[in-house]
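In case you want the letters, here they are:
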Amino acid sequence: MIRSQLVLTEEQLEQYEREGYLIVKRLFNSDEVQDIKETFDEMSNTVVPGYFEPDLSEDNTDPLKRYPRVMHPHRFNEKAKKYMLHPGVLDVLKDLYQEEALAAQSMYYYKPPGSRGQALHQDNFYLKVEPGNCIAAWTAIDPADEENGGLLVVPKTSQYDIVCPELADQQESFTTHFVKPPKEKQIIPAILEPGDVLFFNGNLIHGSYRNKSKNRFRRAFICHYANASAVRIGSGYRPLFRADGTEVDLEGNPDGGPCGIEFDTQYPH
Ligand SMILES: O=C(O)CCC(=O)C(=O)O
């Protein structure tokens, strides 16, 4: 197959196709990482109804009540929109998709010390990008490792179908769905430095454990994309955005997926 490659090597493309994920080191420079960190540090003391609703009182027992994730910050914050459309990220996505990418979702996780993780799951169960698939770009703002609940991936599960999730252990996960990885597959940590970006396929099983550190936040800026030729997407992810910031709307995808239409696949995932 003849491929166009803007930025990735043949080896990187092969790694992504084989394993379902790829780490690109230092895609965001230190000024950009600092800018993102400051933007969301400032946001953490505000309430944005529907998108970020922290409990700002002092007597919080659950650290995620004080620092929940920020949903879709690109819808109300220009910096978040700018970094969701980061040219370096879009170039990598163009190589992975072999076509332009459209931005569908942004999120920011503070993941303070002691907070629960997010049980293993598959993103395209929620985004329902069709035809094609979603790709996540997970950007480390702090160093991310096993101690502070960095992202976990199950290599090669990108080649598995999307499955209907089981119930997650709510003591350990702040989300309710859990996809059990196949027995023969290993769960491995993605060890990242600030500015490194982990790209992964929408079928890849991934998630995170609790932040077991005493005093280390695990901040991450997480965006999801669709291939420009996609026709449908889960309705909570519309509208999407082109590289120049203009909106594009796909059809809402009413498909219930592997659980049937009774099951709630609505965002947020
Ligand atoms: O960052 C995490 O802990 C989980 C993020 C995740 O799984 C996702 O964005 O799909």
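Located above this text is the structure these notes cover.
Remember, predicted model here, so these are calculated numbers, not experimental data.

**Observations regarding the side chain of Asp-62**
Tracing the backbone through its elements, the reader meets Asp-62 in the loop between helix H2 (30-43) and helix H3 (63-66). Within the structure, Asp-62 has its side chain in polar contact with the backbone nitrogen of Leu-64 (distance 2.8 Å). Looking at Asp-62, its side chain comes within polar contact range of the side chain of Arg-116, at 3.2 Å.

**Side note on unusual backbone geometry**
Of note, the amide linkage connecting Glu-130 to Pro-131 takes the cis form, showing an omega dihedral of -15 degrees. The topology assignment puts Pro-131 in the loop between helix H6 (124-127) and strand S5 (134-140). Note that the residue after Arg-238, namely Pro-239, is joined by a cis bond; omega there is 0 degrees. Positive phi, close to 60 degrees, is recorded for Gln-98, a residue that is not glycine. With respect to the secondary-structure elements, Gln-98 resides in the loop between helix H5 (87-97) and strand S3 (101-109). Not every positive phi belongs to a glycine, and Lys-156 is a case in point at roughly 75 degrees. With respect to the helices and strands, the residue Lys-156 is situated in the loop between strand S6 (151-153) and strand S7 (166-167).

**Notes on the pattern of salt bridges**
Evaluated as defined, the whole model comprises 14 salt bridges. Ionic pairing is found between Glu-19 and Lys-156, a salt bridge with its closest N-O pair at 3.1 Å. Residue Glu-19 is located in helix H1 (residues 10-19), and its partner Lys-156 is located in the loop between S6 and S7; the two are separated by 137 residues in the primary sequence. The closest approach of N and O atoms between Asp-142 and Arg-219, which form a salt bridge, is 2.9 Å. Of the two residues, Asp-142 is situated in the loop between S5 and S6 and Arg-219 in the loop between strand S11 (206-208) and strand S12 (220-227); the sequence distance between them amounts to 77 residues. Each member of the pair, Asp-142 as well as Arg-219, is classed as buried. Counted as one network, the salt bridges with shared partners bring together Lys-37, Asp-41, Asp-142 and Arg-219.

**Description of the site of the ligand**
Taken together, 13 residues lie near the ligand, and His-121, Asp-123, Trp-138, Ser-208 and Arg-218 sit nearest. Within the side chain of His-206, a nitrogen or oxygen atom sits 3.0 Å from an oxygen atom of the ligand. At the level of secondary structure, the elements contributing two or more residues to the shell around the ligand comprise S3, strand S4 (118-121), S11 and S12. Its residues assigned to classes, the shell around the ligand comprises five nonpolar, six polar and two charged.

What counts and how
- Residues numbered from 1 in each chain as written.
- Predicted model: local features only at pLDDT ≥ 70, side-chain atom pairs only at ≥ 80, totals over all residues.
- Heavy atoms only, no water.
- Helix = DSSP H or I, 4+ residues; strand = E, 2+ residues; numbered from the N terminus.
- Polar contact = N/O pair within 3.5 Å; in protein donor to acceptor, adjacent residues only side chain to side chain.
- Salt bridge = Lys/Arg side-chain N within 4 Å of Asp/Glu carboxyl O.
- Buried < 20%, exposed > 50% of the residue type's maximum accessible area, 1.4 Å probe, protein only.
- Near = heavy atom within 4 Å.
- Nonpolar A, V, L, I, M, F, W, Y, C, P; charged D, E, K, R; others polar.

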